[in-house]
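Spelled out, the chains give:
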Amino acid sequence: MTEQKTYNVLFLCTHNSARSIMAECLMRRWGAGRFNAWSAGSFPAGQINPQTLATLKAFNLPTADLRSKSWDEFTGPDAPVLDFVFTVCDQAAGELCPVWNGSPLTAHWGVEDPSAVTGTEDRIRMAFRRTYVELESRIKIFASLRVDQLDRLTLQSSLHAIGTVHGSEADRMADA
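Residues take numbers from 1 onward in each chain, read along the sequence in its written order. Confidence filtering applies because this is a predicted model: local features only for residues at pLDDT of at least 70, side-chain atom pairs given and counted only at 80 or more, and all residues used for totals across whole chains, interfaces and linings. Side-chain numbers come from the whole structure's heavy atoms, not from hydrogens or water.

A. Just the packing of helix α1 (residues 19–30) against helix α2 (residues 50–58), in detail. Note on method: axes are straight lines fitted to C-alpha atoms, helices fitted across the in-contact stretch only, with angles between N-to-C directions ranging 0 to 180 degrees. Every helix listed is a DSSP run of H or I at least four residues long, and every strand listed is a run of E at least two residues long, numbered separately from the N terminus. At a minimum axis separation of 10 Å, α1 and α2 run at an interaxial angle of 20°. When the axes of α1 and α2 are compared, the pair comes out roughly parallel. Viewed along their axes, α1 and α2 form a crossing whose handedness is right-handed. Residues Ile21, Met22 and Cys25 of α1 pack against Thr52, Thr55 and Leu56 of α2. Amino acid classes used here: Ala, Val, Leu, Ile, Met, Phe, Trp, Tyr, Cys and Pro are nonpolar; Asp, Glu, Lys and Arg are charged; the rest, including Gly, are polar. For the contact of α1 with α2, the per-class residue count stands at four nonpolar, two polar and no charged. The cut-offs work like this: below 35 degrees is roughly parallel, past 145 is roughly antiparallel, 65 to 115 is roughly perpendicular, and the gaps in between are oblique. Note on convention: the crossing is left-handed when the near helix lies turned anticlockwise from the far helix by less than a right angle, right-handed when the turn is clockwise. For this analysis, residues touch if any pair of their heavy atoms sits within 4.5 Å.

This is the structure:
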């Protein structure tokens, strides 16, 4: 039996305080053993949004080691060699990204910013929950791919297709 490769995944968002943090935690859960996951931001907030932490805790995900960090941590000679880099916010997708160690496949999995939602506590909580469910749907699909059996072009196409999983399915699941 051959040893299975562990893939390194980085999720990017501008502030690294909500969406990318959720994605990191979800990949750790659903990709356990197959994927190492991190998140970072181009202009990190320096702290995680409290509602992000509350959402992760509500879904029983560990939060103790999480921190908001710069994508610069993933560019130096000591940084991990990345296999996949995903942007989860439109602003980060439009920024000129650094050169990553390795030749990672990239995709944009844009998700609405729950931090931008205003209104009642319930409305804000639901926005974070919807973001969580949308990211979880995408990450479950990604984690189920037989990455080692797909050629690079097919895998890249699959990553882009996964970025379109959203909308009513995620809303329906979040409202349940």
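B. Layout of the side chain of Arg34. Here Arg34 lies in the loop between α1 and β2 (35–41). In protein, a polar contact means a hydrogen-donor-capable atom and an acceptor-capable atom, both N or O and within 3.5 Å, with residues adjacent in sequence counting only if both atoms are side-chain atoms; elsewhere, any N or O pair within 3.5 Å suffices. Of the polar contacts made by the side chain of Arg34, one reaches the backbone oxygen of Ala143; its length is 2.3 Å. Once residues lying within four places of it in the same chain are set aside, the contact partners of Arg34 are Gln4, Lys5, Thr6, Tyr7, Ala143, Ser144, Leu145 and Val147.

C. Region of interest: the nonpolar core. Here the nonpolar core consists of buried residues drawn from Ala, Val, Leu, Ile, Met, Phe, Trp, Tyr and Cys, with membership extended through side-chain atoms lying within 4.5 Å. Classification of residues uses two cut-offs on accessible area relative to the type maximum, computed with a 1.4 Å probe and protein chains only: under 20% is buried, over 50% is exposed, and between them is partly exposed. Counting 37 residues, the largest nonpolar core has Phe11, Phe35, Phe84, Phe86, Trp109 and Phe142 as its most contacted members. Here the element with the most residues in this core is helix α4 (residues 121–144); it accounts for seven residues. The residues contacting Phe35, other than those within four sequence positions of it, are Thr6, Tyr7, Val9, Met27, Phe84, Phe142, Ala143 and Val147. Grouped together as the second largest cluster of nonpolar side chains are eight residues, Leu10, Leu82, Val85 and Trp100 included.

D. Main features of the pairing of β2. The element β2 is largely enclosed, with a buried count of five among its seven residues. Note on pairing: two strands pair once DSSP finds at least 2 bridges between them. Across seven bridges, strand β1 (residues 7–13) lies against β2 in parallel orientation. Of the residues in β2, the one forming a bridge with Cys13 is Gly41. Traced from β1 through α1 to β2, the parallel crossover comes out right-handed. Look down the strands so they point away from you; if the path from the first strand over the helix to the second goes clockwise, the crossover is right-handed.

E. Fine view of the pattern of salt bridges. Whenever a carboxyl oxygen of Asp or Glu lies within 4 Å of a side-chain nitrogen of Lys or Arg, that contact is scored as a salt bridge. If you walk through the whole model with that rule in mind, you get seven salt bridges. Residue Asp83 is joined to Lys5 by a salt bridge in which the shortest nitrogen-to-oxygen separation is 3.4 Å. Of this pair, Asp83 sits in the loop between α2 and β3 (84–87) while Lys5 sits in the segment before β1, and the two are 78 residues apart along the sequence. Since its relative accessible area comes to 17%, Asp83 is described here as buried. For the salt bridge of Glu73 with Arg67, the shortest nitrogen-to-oxygen distance reads 2.7 Å. The exposure class of Arg67 is partly exposed, given its relative accessible area of 43%. Each of Glu24, Arg28 and Lys69 takes part in a single network of salt bridges with overlapping partners.

F. Quick look at unusual backbone geometry. Its identity is not glycine, yet Asn16 carries a phi of approximately 50°, on the positive side. For Asn16, a relative accessible area of 0% corresponds to the buried category. Its identity as a non-glycine residue notwithstanding, Asn60 has a phi of 60°, on the positive side.

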